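# A structural walkthrough
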Protein chains: 2
Amino acid sequence: MKLREPALKALKDLFGERLLLAEEDILPYGADASSLFFKPEVVVFPETKAEVSELLRLAESFNFPVVARGSGTSTTGSSLPVEGGMVVSFAKMNRILEIVPEERLARVEPGVLNGDLKNYLKKFGLFYPPDPASYAFSTIGGNVATGAGGPRGLKYGTTKDYVLSLEVALSGGKLLKTGPTTLKGVVPYNLTPLFVGSEGTLGLIVEIVLKLLPLPEKRKLYLVFSPVESKTLELITETLLKGLTPASAEFVDRTTLKVIKEKVEEKVRTDQILKTTESLLWVEFDGRIEEVKRDSGAFEIILEQKGLSFLSADKEEDIEALWEIRRGISPSLFKLGPKKIADDVVVPRRKMVEFLRYLRKLEEESGISIASFGHAGDGNFHVNLLFKEGEEERAKSIRENLLKKVLEFFGSISGEHGIGFSKRPYVVWELDPLQIELMKKLKALFDPKGLLNPHVKLP
Amino acid sequence: MKLREPALKALKDLFGERLLLAEEDILPYGADASSLFFKPEVVVFPETKAEVSELLRLAESFNFPVVARGSGTSTTGSSLPVEGGMVVSFAKMNRILEIVPEERLARVEPGVLNGDLKNYLKKFGLFYPPDPASYAFSTIGGNVATGAGGPRGLKYGTTKDYVLSLEVALSGGKLLKTGPTTLKGVVPYNLTPLFVGSEGTLGLIVEIVLKLLPLPEKRKLYLVFSPVESKTLELITETLLKGLTPASAEFVDRTTLKVIKEKVEEKVRTDQILKTTESLLWVEFDGRIEEVKRDSGAFEIILEQKGLSFLSADKEEDIEALWEIRRGISPSLFKLGPKKIADDVVVPRRKMVEFLRYLRKLEEESGISIASFGHAGDGNFHVNLLFKEGEEERAKSIRENLLKKVLEFFGSISGEHGIGFSKRPYVVWELDPLQIELMKKLKALFDPKGLLNPHVKLP
Ligand SMILES: Cc1cc2nc3c(=O)[nH]c(=O)nc-3n(C[C@H](O)[C@H](O)[C@H](O)COP(=O)(O)OP(=O)(O)OC[C@H]3O[C@@H](n4cnc5c(N)ncnc54)[C@H](O)[C@@H]3O)c2cc1C
Ligand SMILES: Cc1cc2nc3c(=O)[nH]c(=O)nc-3n(C[C@H](O)[C@H](O)[C@H](O)COP(=O)(O)OP(=O)(O)OC[C@H]3O[C@@H](n4cnc5c(N)ncnc54)[C@H](O)[C@@H]3O)c2cc1C
């Protein structure tokens, strides 16, 4: 036990009913969207920055670990208390504090759900682009701490591109503002991005100022069917080289297609197309009405030249219905096998086709299903190995091979989900000793006692 | 002298003719676009990363200071060797190494001129947006090290938004890659932005990977004339609230107008408008043809409703001719007084009008000219005090008052030029003790002996 009686007493005084201790209450906080489990000793629900400061002061003096938690949708165990101690849920710090339309800024607490913010902004005609598939139920704080991406990354970038400034409670309890909330400002070293993607290891984020954009006037979505698996990937490159920038380009490979075929069939009139389809690509254009019309026209010409069939939608509900198919992939993958290893690797765009071929070869040789899909517009693939009990070793070796391939291509082993606990062994494959040494020194600078999210992110 | 004979000998062996020692050769490297002067002891011109590494290794063992220099257009003395030692000019590391159209990326050496890169990219249909007024003669390395902005910041952001990854030679000579060169990647802590705006104090940047955009198809520029000084500022806010996002919105106040009136007169048919003009605003729209047409149409309606006169241009050469007036401001300011104190402060957009009124009051009370102009779309003003010999003390006190006002508005004392040597005393006004403590710890982590750009940036 990391938390002893005097610490618990101080915490109870501080949090009262907003502290959970009973086994059945705390168990849910030992799990996230990875398949890992680590039991917390106590879970607290701060409502103010001051309470977060105070709990970090207590953690320092009583020497117990502190793990931040948004909605626990992490796929890597990054929100789990690996060595016990305290989980800090930000569920009650979920206020949208301020929208400043003339600055196109929002100031929010970390527990606000991405989807709630998106909805709230509509009445201001404003738009927060980052859209992890989990947006309806993941928090802005969790999105910032992981550096979440999503389909719109192709045109709009990821969370890091929208965080203007943060307030962070540091180990020991001091509150740090990472920079001014004006649109520019180069006085301090720019610490904001250091916390974006830091997975709760450098400080607890207690307030976030986000940059916003005007809500696009118009959207148009294409669902493209290709009889050759790699042709959808080539389509992305060709589209970009023509100077078009879709908001999203989301890919589904042959193996993934199997698990969503039925849902797709509901949408296409005839199943003729699907019979010969090897991959899908969702391509969305958004922006001013005139721009979308022009760009989608140009895109249709490319589709025609390449002889690709497609569905298109331009009403909000039809667009969302087609996107639902994409968002439904993860939960359906179990159809291919009861066990899963998932990675979200990135390769340079020009290596995508070669990477896909490599995965196909691995799949054929091993008999283990390899389902790849996701944000191919950024070169970011969710690669899922699906297999049966007893095939763990083989799956692990396939995983390691594919991660090595990614690094041969100068790619990255994680585009957005982060390292958490589950990918820690592979960090040394991507980073060189100097990079790791600096990460460790930075961790020690911000969290000298190593109390924040221990065993996460760093190798 | 910081550089003694054994160190000089080793440097001569390394650089041969690419080392300057003679008084007349090194003098130019003691000055930049500030009015400061600090004489270097030696100036070297590395051609490779390995040479930069090696000189940093020598600096560590012989304990001499090293100051990076791009084109020396810094307005704050940030490229000057305050305590002597070595200036490292990146003038010979000026190769564009690679353009990857399908990834929309460029890999460059730090000495490439911003304007040269812009021109080179045209044939690929690509575009590097950051456009400091010095773009024709400042380097990408200098732009990165200062975090340079420019008129296009309103729509496109600043340098930090385009730096994907860096290679940095650290104090002692080790080479650090700050992250992968894929479009996404969250494995390491994100160190790239820490170096952007670090003014040469954390490492020497030896290679830069930049994100690019497709070249806008069409541009349209307005030069707006307002008989009420603050109305141009209100126009920005109104335009943004209508959901329009101009590429640029550049402001000129009543005092600045005096020095460019003649140049403006050449452009307007009748001087009737100018007689009653108190401020100017350049507003540019760019993007797809259809989008620019639509947005400029909507903008003209706003202009009409507000009863504002304007000129417009949509041919490249006419657009550039109007921009030349804006870019010509700095060199013309001396007409208002032989002595100058310049700041580039930022206030929240919604405080711009109040800030301008405050400056007018200061000007009236003091009799010292206060010329404000610049990137008002971002709330970023170049405030210039122009005065006569003997008025130094009064000007200094005005400057301090206006910086305090900026901070009362939760603004920043520098939006893009940085701190350098000249603004160091004011850093403690903006940053709190915790922010400063962390900056100092970071400096010590990356440059424990304090050899890189000493007396710059940190208070
Ligand atoms: C179905 C599904 C789809 C997904 N799709 C995507 C996707 O498209 N793109 C993507 O990027 N991810 C995706 N994810 C992963 C996950 O949703 C994201 O990583 C998300 O950002 C996590 O948010 P959360 O609120 O659930 O945070 P949690 O999972 O609770 O925490 C994640 C990390 O953030 C830290 N953290 C949380 N709050 C704070 C805080 N206030 N201060 C400091 N640290 C904090 C935690 O300690 C942990 O390290 C998906 C997950 C699921 C289950
Ligand atoms: C007429 C004029 C107009 C200007 N307009 C603008 C404007 O609109 N926006 C704006 O932001 N600035 C503007 N500036 C300021 C200046 O041009 C910018 O700060 C520019 O980015 C400096 O580039 P440089 O190559 O001249 O760098 P330098 O002045 O030589 O150096 C600037 C800083 O960068 C460091 N540095 C340079 N190269 C490296 C490297 N390879 N590694 C590490 N550190 C390095 C130097 O040590 C120094 O701290 C203007 C200046 C002038 C004279």
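The rules behind these values
- Along each chain, numbering runs from 1 in the same order as the chain's sequence is written.
- Numbering of ligands from 1 and lettering of chains from A proceed in the order in which they are written.
- For this predicted model, a pLDDT threshold of at least 70 governs which residues receive local features, and a threshold of 80 or more governs which side-chain atom pairs are given and counted, while totals over whole chains, interfaces and linings are taken from all residues.
- Each side-chain value is worked out from all heavy atoms of the structure, with water and hydrogens disregarded.
- An automatic or database domain assignment is the source of the domain bounds shown.
- In what follows, a contact means two residues having at least one pair of non-hydrogen atoms within 4.5 Å.
- The buried area of a pairing is the accessible area, by a 1.4 Å probe, that goes missing from both parts when the two are put together, added over both.
- A pair is scored as a salt bridge if a Lys or Arg side-chain nitrogen falls within 4 Å of a carboxyl oxygen belonging to Asp or Glu.
- Working definition: helices are DSSP H or I runs of at least four residues, strands are E runs of at least two. Numbering for both runs from the N terminus.
- Throughout this description, buried means an accessible area under 20% of the type-specific maximum (1.4 Å probe, protein chains only), exposed means over 50%, and partly exposed covers the range between.
- We call a residue near a molecule or strand as soon as one heavy atom of that residue lies within 4 Å of the molecule or strand.
- For this analysis, a polar contact is any N or O atom pair within 3.5 Å, provided that within protein one partner can donate a hydrogen and the other can accept it, and provided that sequence-adjacent residues contribute only side-chain to side-chain pairs.
- Classification used: nonpolar for Ala, Val, Leu, Ile, Met, Phe, Trp, Tyr, Cys and Pro, charged for Asp, Glu, Lys and Arg, polar for all others including Gly.
- Residues below a pLDDT of 70 in either copy are left out; the C-alpha atoms of the rest, at least 70 in both, set the least-squares superposition of the copies.
- Only strands joined by at least two bridges in the DSSP assignment are considered to pair.
- Here, Shrake-Rupley sampling with a 1.4 Å probe gives the accessible areas, and only protein chains in the shown set may cover a residue.

### Here's the deal with the domain arrangement of chain A
Residue and element names in this part refer to chain A. Taken domain by domain, chain A consists of domain 1 (5–89), domain 2 (96–214) and domain 3 (218–409). Centre-to-centre, using C-alpha coordinates, domain 2 lies 28 Å away from domain 3. If you look at the interface, domain 2 gives nine residues, while domain 3 gives 17 residues. Interface area, domain 2 with domain 3, both sides summed: about 1,100 Å², of which 54% is carbon and sulfur. When the buried area of domain 2 at its contact with domain 3 is split by residue, Pro-151, Leu-154 and Lys-155 rank highest and sum to 59% of it. At the junction of domain 2 with domain 3, the criterion picks out one salt bridge.

### Section: the environment of Arg-254 of chain B
All names here are of chain B. Tracing the backbone shows Arg-254 in helix α9 (residues 254–267). Taking relative accessible area as the criterion, Arg-254 reaches 29% and is therefore assigned partly exposed. Note: C-alpha distance between Arg-254 and Arg-360 (106 residues apart in sequence) is 9.3 Å. Setting aside its immediate chain neighbours within four residues, Arg-254 contacts Glu-229, Glu-278, Arg-360, Glu-363 and Glu-364.

### Focus on the site of ligand 2
All names here are of chain B. Taken together, 34 residues are adjacent to ligand 2, and Ala-68, Gly-70, Thr-73, Ser-134 and Thr-139 come closest. Between an oxygen atom of ligand 2 and a side-chain N or O atom of Thr-73, the distance comes to 2.5 Å. Between ligand 2 and the protein, one listed contact pairs a nitrogen atom with a side-chain N or O atom of Glu-416 at 2.8 Å. Residue assignment for the shell around ligand 2 shows that the elements contributing at least two residues are β3 (66–69), α5 (140–146) and β10 (204–211). Within the shell around ligand 2, the residues separate by chemical class into ten nonpolar, 21 polar and three charged.

### So, the relation of the copies chain A and chain B
Superposition of chain A onto chain B requires a rotation of 180° combined with a translation of 0.0 Å along the rotation axis, giving an RMSD of 0.0 Å. The transformation just described matches what one would write down for a two-fold rotation axis. The share of interface residues of chain A whose copies in chain B are also at the interface is 100%, consistent with both copies meeting through the same surface.

### As for the pairing of strand β6 (residues 105–108) of chain B
Successive residues of a regular strand alternate their side chains across the two faces of the sheet. Residues and elements named next belong to chain B. Where strand β5 (residues 96–100) and β6 come together, four bridges link them in antiparallel fashion. Within β6, the position partnered with Glu-98 by the bridge is Arg-107. In this antiparallel pair of consecutive strands, β5 and β6, the connection spans four residues, and Arg-104 shows a positive phi of 55°. Bridge analysis of β6 against β10 gives four bridges, and the strand direction is antiparallel. Bridged to Arg-107 within β10 is Val-209.

### Considering the site of ligand 1
Residues and elements named next belong to chain A. Surveying the vicinity of ligand 1 reveals 34 residues, the closest of which are Ala-68, Thr-73, Ser-134, Thr-139 and Glu-416. Within the side chain of Thr-139, a nitrogen or oxygen atom sits 2.7 Å from an oxygen atom of ligand 1. Backbone polar atom of Ile-205 to a nitrogen atom of ligand 1: 2.9 Å apart, as the coordinates give it. Considering ligand 1 on its own, with 970 Å² of exposed area, one finds that the protein chains cover 94% of that surface. Of all the secondary structure elements, the ones that give two or more residues to the shell around ligand 1 are β3 (66–69), α5 (140–146) and β10 (204–211).

### Things to note about the side chain of Thr-256 of chain B
Residue and element names in this part refer to chain B. Structurally, the position occupied by Thr-256 is in helix α9. Take Thr-256: its relative accessible area is 0%, and that puts it in the buried class. In terms of polar contacts, Thr-256 uses its side chain to reach the backbone amide nitrogen of Ser-372, at 3.3 Å. Leaving out residues up to four positions away in the same chain, Thr-256 has contacts with Ile-329, Ala-371, Ser-372 and Phe-373.

### Re the interface of chain A and chain B
Contacts between the two partners involve 84 residues from chain A, matched on the other side by 84 residues from chain B. For the chain A face of the interface with chain B, the top three residues by lost area are Lys-184, Val-187 and Tyr-189 of chain A, together amounting to 15%. Between Glu-416 of chain A and Lys-184 of chain B there is a salt bridge; the shortest N-O distance is 2.8 Å. Our count for the contact surface shared by chain A and chain B stands at 32 residue pairs in polar contact (both at pLDDT 80 or more). For the side of chain A that touches chain B, the secondary structure elements donating two or more residues are β5 (96–100), β9 (175–177), α7 (192–195), α8 (231–241), α11 (289–305), α16 (424–430) and α17 (433–446) of chain A. Per-element tally for the side of chain A that touches chain B: the top contributor is α17 of chain A, with ten residues. A breakdown of the residues in the side of chain A that touches chain B according to their chemical character gives 35 nonpolar, 24 polar and 25 charged.

### Some details on the pattern of salt bridges
Taken as a whole and judged by the stated rule, the model has 93 salt bridges over all chains. Two residues, Lys-49 of chain A and Glu-207 of chain A, come together in a salt bridge whose shortest N-O distance is 2.8 Å. Pair noted here: Lys-49 of chain A is in helix α3 (residues 49–62) and Glu-207 of chain A is in strand β10, with a separation of 158 residues, a long-range link. For Glu-437 of chain A, the salt bridge goes to Lys-441 of chain A, with nearest N and O atoms at 3.1 Å. Separated by four residues within a single helix, Glu-437 of chain A and Lys-441 of chain A lie in helix α17, roughly one turn from each other. Assessed through its relative accessible area of 38%, Lys-441 of chain A is described here as partly exposed. When salt bridges that share partners are traced, they join Lys-49, Glu-98, Glu-103, Arg-107, Glu-167 and Glu-207 of chain A together with Arg-350 of chain B into one network.

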